[in-house]
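Residue-level listing of the chains:
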Amino acid sequence: MSPAVLAATTFEGPAVQWFALLPLLILVGGGLVLMVVAALVPRGWPKGGYAVVTATLAGAAMVMSVFNWRDVQDHGAQSLVGGAIALDGFSVFITVVICAAVIMTALIADDFLRREGQDGCELYALMLMAAAGGIVMGSANDLIVLFLGLETLSIALYVMAASNPKRLQSQESAIKYFILGGFSSAFFLYGVALVYGATGSTSLPKIMDFLATTNLLNERLLLAGMALLMVGFGFKVAAAPFHIWVPDVYQGAPTPVTSFMASVGKVAAFAALLRVFVVALGQYESDWRPLLWVLAVLTLLVGSVLAVVQTDVKRMLAYSSISHAGFILVGVQAANAKGVAGSLFYLLTYAFLVAGTFAVVTVVVGPGDSQTGLDAFRGLARRRPSLALALTVLLLAQAGVPLTAGFDAKFEVIVAAVDAKSYVLAVIAMLCSVIAAFVYLRITVSMYSTDGEVPAKRLRVPIGAATAVTIAVTFTLVVGFFPSNLIDLARDAVPVIVSGS
């Protein structure tokens, strides 16, 4: 090529707004620096050092998200990285929730890893990378970018699930999660290919514009693509019948990792589901809403009914997580602003509830996660009254008892379903909430039970776990009494499609 041609040829990269990307850059860059510095320090870090750095990085990303929120409120939604990533109230809200979950998990993991003799930077770095993948999923403006975020999150979670080499169940859970996760990713990618074939683009703005202005003569390709996307999302959000991995993985994975899966994994998957279906594919809601209705009913029934027959607390909470996914699907199925806002508020509330609950479980089950049966919680009120009281509050909130954040979350999604005239689904959700309440009451009764032998040894509550439980309980009660501010924020965070250059 001649020098004249080279001079005339210019490469223009995508427009990048670096300041708006700072939350994502802090998590990714912080994780990389954490690994490098840890490798260069031969004697390890001071006690709690890894957790403090991880929580600080997540807190810094959260603070930068607040600036992004103000920018969005003042100037509206924006396009980042050439339209591949969107900056709107929705993406900022999801970023804050994910960062909060990272902080809580880091606090829980600190003593757990030292107790298991595995203290190191690896789990914390994976946590930060997974959080970055989750944020990309919630901010993606393109299906390919969404898939990259999904795989970043998933691969980190596979490794985190297998991070306890001393426990066979940890390795087993990771293998199951990896195999089934690979299948779900394949379904999702085939769905992306079919949607591309039907619309000619993977860009969400272009897909929405195409569907709004074009009458498809043959919709079967698009409908098949939407169905495959739903299968992929169904696995990630733990919706029935794609939930089969959840009980085994939640039980086998290290308890802090289980907490991270249940919070960050679910938040990211639902964020992507909302952006793709409710916004980009909103023109075809009459086609996907019935399918989502069925998934919501199945998920509610499976999660609440099967949780009743479990005797292992981590499996109980796994099925409880499935039930909560059903409630969030009730909000998504409404396909309106109330449903999206209710789903976002539910995700925020659930992230704190599940982190606080698993913080208590981490303390009670002991070294090696060896005592996860219901008997391990028997008499907890005598051994550690404050811990039993905190877990009681968190469990009652998950059951939807009034004056707790859990009640407000369930109320919001049910109101959205009623507003969308999904009356039968709203009734089923309320009935399943009553069934699920039995599970939480069963654990609570066991804690205050004095029947049989109760270990006399007083439980030691590490400062990290105690801090996480305190934050979760405080959030649950304060939001339960004063939910309006957070509900208003969720309503302001309804996603929009941002056209990019």
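What counts, and at which threshold
Residues numbered from 1 in each chain as written. Predicted model: local features only at pLDDT ≥ 70, side-chain atom pairs only at ≥ 80, totals over all residues. Heavy atoms only, no water. Helix = DSSP H or I, 4+ residues; strand = E, 2+ residues; numbered from the N terminus. Rg over C-alpha atoms; globule rule 2.2 N^0.38 Å. Buried < 20%, exposed > 50% of the residue type's maximum accessible area, 1.4 Å probe, protein only. Contact = heavy atoms within 4.5 Å. Phe/Tyr/Trp six-rings, centres within 6.5 Å; stacked < 30°, edge-to-face > 60°. Lys NZ or Arg CZ within 6 Å of the ring centre and 35° of its normal. Core = buried A, V, L, I, M, F, W, Y, C linked by side-chain atoms within 4.5 Å. Patch = residues over 30% accessible without salt bridge, like charges linked within 9 Å, V, L, I, M, F, W, Y side chains within 5 Å. Areas by Shrake-Rupley, 256 points an atom, 1.4 Å probe, with all protein chains shown as cover. Salt bridge = Lys/Arg side-chain N within 4 Å of Asp/Glu carboxyl O. Expected span 1.5 Å × (residues − 1). Axes fitted to C-alpha atoms, helices over the stretch in contact; angles between N-to-C directions. Parallel < 35°, antiparallel > 145°, perpendicular 65-115°, else oblique. Left-handed = near helix turned anticlockwise from the far one by under 90°. Nonpolar A, V, L, I, M, F, W, Y, C, P; charged D, E, K, R; others polar.

Account for the overall build of the chain, with residues named and values stated.
The helix and strand inventory of the chain stands at 20 helices and two strands. Taken over C-alpha atoms, the radius of gyration comes to 22 Å for the chain, in line with the 23 Å a tight globule of 501 residues would show. In terms of its C-alpha atoms, the chain occupies a principal-axis envelope of roughly 85 × 60 × 40 Å. Counting every position in the chain, which comprises 501 residues, the buried fraction comes to 60%. Taking all contacts inside the chain whose residues are at least 6 apart in sequence as the whole, residues at least 24 apart take part in 82%.

Please provide a residue-by-residue account of unusual backbone geometry, values included.
The bulk of non-glycine residues show a negative phi, and the bulk of peptide bonds are trans. Cis geometry marks the peptide bond from Ala 240 to Pro 241; its omega dihedral reads 5°. Following the sequence through the fold, Pro 241 ends up in the loop between helix 9 (220-236) and helix 10 (246-252). Phi angles above zero are rare outside glycine, and Leu 403 is one such case at about 70°. You can see Leu 403 is positioned in the loop between helix 16 (385-399) and helix 17 (405-419).

Explain the packing of aromatic side chains residue by residue, including any values.
All told, the structure shown has 15 aromatic pairs when counted by the stated rule. Arranged with centres 4.7 Å apart and planes meeting at 10°, the rings of Tyr 177 and Trp 245 form a pair that is stacked. Here the residue Tyr 177 occupies a position in helix 7 (residues 168-199), and Trp 245 occupies one in the loop between helix 9 and helix 10, the gap between them amounting to 68 residues. Across the pair, exposure class does not vary: Tyr 177 and Trp 245 are buried alike. Here a set of aromatic residues connected by ring pairs shows up, and it is made of Tyr 158, Tyr 177, Phe 178, Phe 235, Trp 245 and Tyr 250. Directly above the ring of Phe 327 sits Lys 410, whose terminal nitrogen or CZ lies 4.6 Å from the centroid.

So, the nonpolar core: which residues are in play, and what are the values?
Residues Tyr 124, Met 261, Phe 270, Phe 277, Trp 288 and Phe 377 are the most contacted members of the largest nonpolar core, which totals 182 residues. In terms of residue count, the dominant contributor to this core is helix 14 (residues 337-365) (20 residues).

I'd like a description of the environment of Ile 85, backed by residues and values.
The topology assignment puts Ile 85 in strand 2 (residues 85-87). A relative accessible area of 12% means that Ile 85 is categorised as buried. Taking the C-alpha atoms as reference, Ile 85 lies 5.5 Å from Ser 139; in sequence the two are 54 residues apart. With near-sequence residues (within four places) excluded, Ile 85 lies in contact with Leu 21, Gln 78, Ser 79, Leu 80, Ser 139, Asn 141 and Val 145.

Can you tell me about a nonpolar patch on the surface, naming the residues and giving the values?
Taken together, Val 33, Val 36, Val 37, Leu 40 and Val 41 make up a surface patch of nonpolar side chains, about 420 Å² in accessible area. With respect to the secondary-structure elements, Val 36 resides in helix 2 (residues 22-40). With relative accessibility at 48%, the residue Val 36 sits in the partly exposed group.

Please give an account of helix 9 that cites residues and values.
Taking 1.5 Å as the rise per residue, helix 9 with 17 residues should run 24 Å; its terminal C-alpha atoms sit 25 Å apart, in good agreement. Summarising the contacts, the buried residues of helix 9 are in contact with helix 6 (143-161), helix 7, helix 8 (204-213), helix 11 (255-280) and helix 12 (285-308).

A description of the packing of helix 16 against helix 19 (residues 463-481) should follow, citing residues and the corresponding values.
In a packed pair of helices, the relevant descriptors are the angle between the two axes and the axis-to-axis distance. Two numbers describe how helix 16 lies on helix 19: the axes approach to 10 Å, and their chain directions differ by 45°. By the angle between their axes, helix 16 is oblique relative to helix 19. As for the relative orientation of helix 16 and helix 19, their crossing is left-handed in sense. The residues of helix 19 that touch helix 16, namely those facing Ala 390, Val 393, Leu 394 and Ala 397, are Val 469, Ala 472, Val 473, Thr 476 and Leu 477. A per-class count over the contact of helix 16 with helix 19 returns eight nonpolar, one polar and no charged.

How would you explain the side chain of Glu 412 if you had to name every residue and give the values?
With respect to the helices and strands, the residue Glu 412 is situated in helix 17. Setting aside residues no more than four positions away along its own chain, Glu 412 makes contact with Gly 342, Phe 345, Ile 487 and Arg 491.

Outline the side chain of Ser 320, listing residues and values.
Counting through the fold element by element, Ser 320 comes out in helix 13 (residues 313-334). Classification of Ser 320 by relative accessible area gives buried; the value is 4%.

Quick one: what's the story with the environment of Phe 345, residue by residue and with numbers?
Residue position: Phe 345 is located in helix 14. Measuring from C-alpha to C-alpha, the distance between Phe 345 and Phe 93 comes to 9.7 Å, with 252 residues separating the pair along the chain. When sequence neighbours within four positions are dropped, the list of residues in contact with Phe 345 reads Ala 405, Asp 408, Ala 409, Glu 412, Val 479, Pro 483, Leu 486, Ile 487 and Ala 490.

Describe the pattern of salt bridges, and please don't skip the residues or the numbers.
One pass over the structure, following the stated rule, counts 12 salt bridges. The salt bridge partner of Asp 88 is Arg 275, with a shortest N-O separation of 3.0 Å. A residue pair is termed long-range when its members are at least 10 positions apart, and Asp 88 in the loop between strand 2 and helix 4 (89-115) and Arg 275 in helix 11 qualify at 187 residues. Judged by its relative accessible area of 1%, Asp 88 is buried. The exposure class of Arg 275 is buried, given its relative accessible area of 0%. Across the pair Arg 378 and Asp 375 runs a salt bridge, and its minimum N-O distance is 3.2 Å. Several salt bridges share partner residues, and in doing so they unite Glu 172, Lys 176, Asp 248 and Arg 315 into one network.

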